[in-house]
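The chain contents come next:
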Amino acid sequence: MAFVKPVTRRLPDGRWANVLPFHISFEGLEKNIICRDDQDCDLLVKTLALCARRKNVIIIIYAVVSNHAHVAVLARSYKEALAFAEEVKRVYSMHFRRKYGEIKALKGTNVNVQILDNDWYLRNALAYIPRNAFDNGAEIIADYKWTGFRAYFKKEKPAGILRKVADMSEKEWRQIFHTGDDLSNTTWLVNPNDELEPISFCDKEYLEQAFNGDEAFFYKSVGMVNVPEMTQKLVVSPRKMKTDAEFMKDLESVSDRWFHSSVRCLSSDQQARLLPYIFRTNKTSVAQMSRALGMEKDAIRKLLNLNRSS
């Protein structure tokens, strides 16, 4: 059954808008441990929630481990999803600097943003994200605290006494969230350890609809996702320059999916729609796009608002 990916949601600023799903990875690589203890993991989760609120995006699901993090969000555009990702990196970098005195510790952390533009890609990304718990030695994903996994398909309330963040004082917000933001209109809940409960800030409805409301379908997808393949597609490929043959193959796939047509048969309007998406989801060049699309370089630069040195 196909899942309609664009949906209408009420954004954190109160406005209703059409939004699309994006996957974002924050990769510290082997040399950067971005979460050195549970306190760091807790703060990074809270940073995701805070920055989503600031940048007007909605979190679907997330996973935070020692040297990387993944999050799927609903945003109006790639630009807004990227702005959220950059804000997370900025805010968490300040925490790192205060706690460890390391000014450039996150300088090598890559941020990749990709739109999830078909059902296969979407479902595999949503299943792949919580599986990252295994990278921190978890034996059972549901028992790992730093993912949104436990928010979905649950009939019962989270265990323990939960507190509403909206009912807290500004002093408590500063102490628990390390922020001066006004959190009085949030739906967030914290458990007795002052950890954010994912069910209170993740879009439970979107993920469950993506799996047709079928809990077994979701769990099966989590168990069977091809991790190396998704790592390649979501983390490695966006920063790797492809050969012309590889690039052309991907381009043809997108063209067929969007327009049921070969790239070389696209109209100028279709090229104009396709070009920005290809540019932001691939590491490519004007020259390569010109070869693949059969367009003049200056026409590509004009459409992408690039200067001649690009």
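What you are looking at is a predicted structure, and each value in this text was computed from that prediction instead of being measured. (Residues numbered from 1 in each chain as written. Predicted model: local features only at pLDDT ≥ 70, side-chain atom pairs only at ≥ 80, totals over all residues. Heavy atoms only, no water.)

Let us look at the overall build of the chain. When you go through the chain residue by residue, the secondary structure sums to 11 helices and seven strands. Here the chain displays about 15300 Å² of accessible surface, and carbon together with sulfur accounts for 51% of that area. (Helix = DSSP H or I, 4+ residues; strand = E, 2+ residues; numbered from the N terminus. Areas by Shrake-Rupley, 256 points an atom, 1.4 Å probe, with all protein chains shown as cover.)

This next bit is on the layout of surface pockets. The calculated volume of the second largest pocket comes to roughly 460 Å³. P12, T187, W188, S200 and F201 are the residues nearest the centre of the second largest pocket, which is lined by 18 residues in total. Of all elements in the fold, only α1 (38-54) and β3 (58-64) reach the threshold of two or more residues within the lining of the second largest pocket. A total of three residues in the lining of the second largest pocket trace back to one element, the largest contributor, which is α1. (1 Å grid on protein atoms, 1.4 Å probe; cavity = no way out; pocket = protein on both sides within 12 Å on 5 of 7 lines; lining within 4 Å. Points joined across faces, edges and corners; volume = space filled by probe spheres on them.)

Of all the eight residues making up strand β4 (residues 68-75), eight are buried; the element is thus mostly covered by neighbouring parts of the structure. Alternating residues of β4 divide into H68, H70, A72 and L74 and A69, V71, V73 and A75, and every residue in both groups is buried. The pairing of strand β2 (residues 16-27) with β4 spans eight bridges and is antiparallel. Note that in β4 the partner of H23 across the bridge is A72. Between β3 and β4, which pair antiparallel in sequence order, lie three residues. (Buried < 20%, exposed > 50% of the residue type's maximum accessible area, 1.4 Å probe, protein only. Pairing = 2+ DSSP bridges.)

For any two aromatic rings, the description comes down to two numbers: the centre-to-centre distance and the angle of the planes. Applying the stated criterion to the full structure yields 12 aromatic pairs. Centre to centre, the rings of F96 and Y100 are 4.9 Å apart; their planes meet at 50°, and the pair counts as tilted. Taken together, the residues F96 and Y100, both in helix α2 (residues 78-100) and four residues apart, mark about one turn of the helix. Classification of Y100 by relative accessible area gives partly exposed; the value is 25%. By the ring-pair criterion, three or more aromatic residues cluster together here, those being F149, Y152, F153, F211, F217, F218 and Y219. Against the face of F177 rests K46, its NZ or CZ located 5.4 Å from the ring centre. (Phe/Tyr/Trp six-rings, centres within 6.5 Å; stacked < 30°, edge-to-face > 60°. Lys NZ or Arg CZ within 6 Å of the ring centre and 35° of its normal.)

The next thing to look at is the packing of helix α10 (residues 286-293) against helix α11 (residues 297-304). Where α10 meets α11, the axes come as close as 9 Å, and the angle between the chain directions of the two elements is 115°. If you check the angle between α10 and α11, you find them roughly perpendicular. Both α10 and α11 take part in a crossing whose hand is right-handed. Between α10, through V286, A287, M289 and S290, and α11, the contact on the second element is made entirely by K297, I300, R301 and L304. (Axes fitted to C-alpha atoms, helices over the stretch in contact; angles between N-to-C directions. Parallel < 35°, antiparallel > 145°, perpendicular 65-115°, else oblique. Left-handed = near helix turned anticlockwise from the far one by under 90°. Contact = heavy atoms within 4.5 Å.)

In the structure shown here, the tally under the stated rule is 18 salt bridges. Ionic pairing is found between E87 and R54, a salt bridge with its closest N-O pair at 2.9 Å. Taken together, the residues E87 in helix α2 and R54 in helix α1 connect sequence positions 33 residues apart. Residue E87 is classed as buried on the basis of its relative accessible area, which comes to 10%. Through salt bridges with shared partners, a single network forms among R54, E87, R90 and D181. (Salt bridge = Lys/Arg side-chain N within 4 Å of Asp/Glu carboxyl O.)

With that settled, the discussion passes to empty space enclosed by the protein. Counted by the stated rule, this structure contains two cavities of 30 Å³ or more. Every residue along the wall of the second largest cavity is listed here: D42, V45, Y62, K145, W146, R150, E195 and L196. Across the lining of the second largest cavity, the residue classes break down as four nonpolar, no polar and four charged. (Nonpolar A, V, L, I, M, F, W, Y, C, P; charged D, E, K, R; others polar.)

As for its position among the elements, F259 is in helix α8 (residues 244-259). Between the C-alpha atom of F259 and that of L274, which follows or precedes it by 15 residues, the distance is 9.6 Å. Sequence-distant contacts of F259, defined by excluding residues within four places in its chain, comprise L266, Q270, R273 and L274.

What the rule picks out here adds up to zero disulfides. With no disulfide of its own, C35 lies closest to C41 among cysteine sulfurs, the gap being 4.1 Å. Looking at C35, the relative accessible area reads 4%, which means it is buried. (Disulfide = S-S within 2.5 Å.)

Nothing here speaks to function; it is all geometry.
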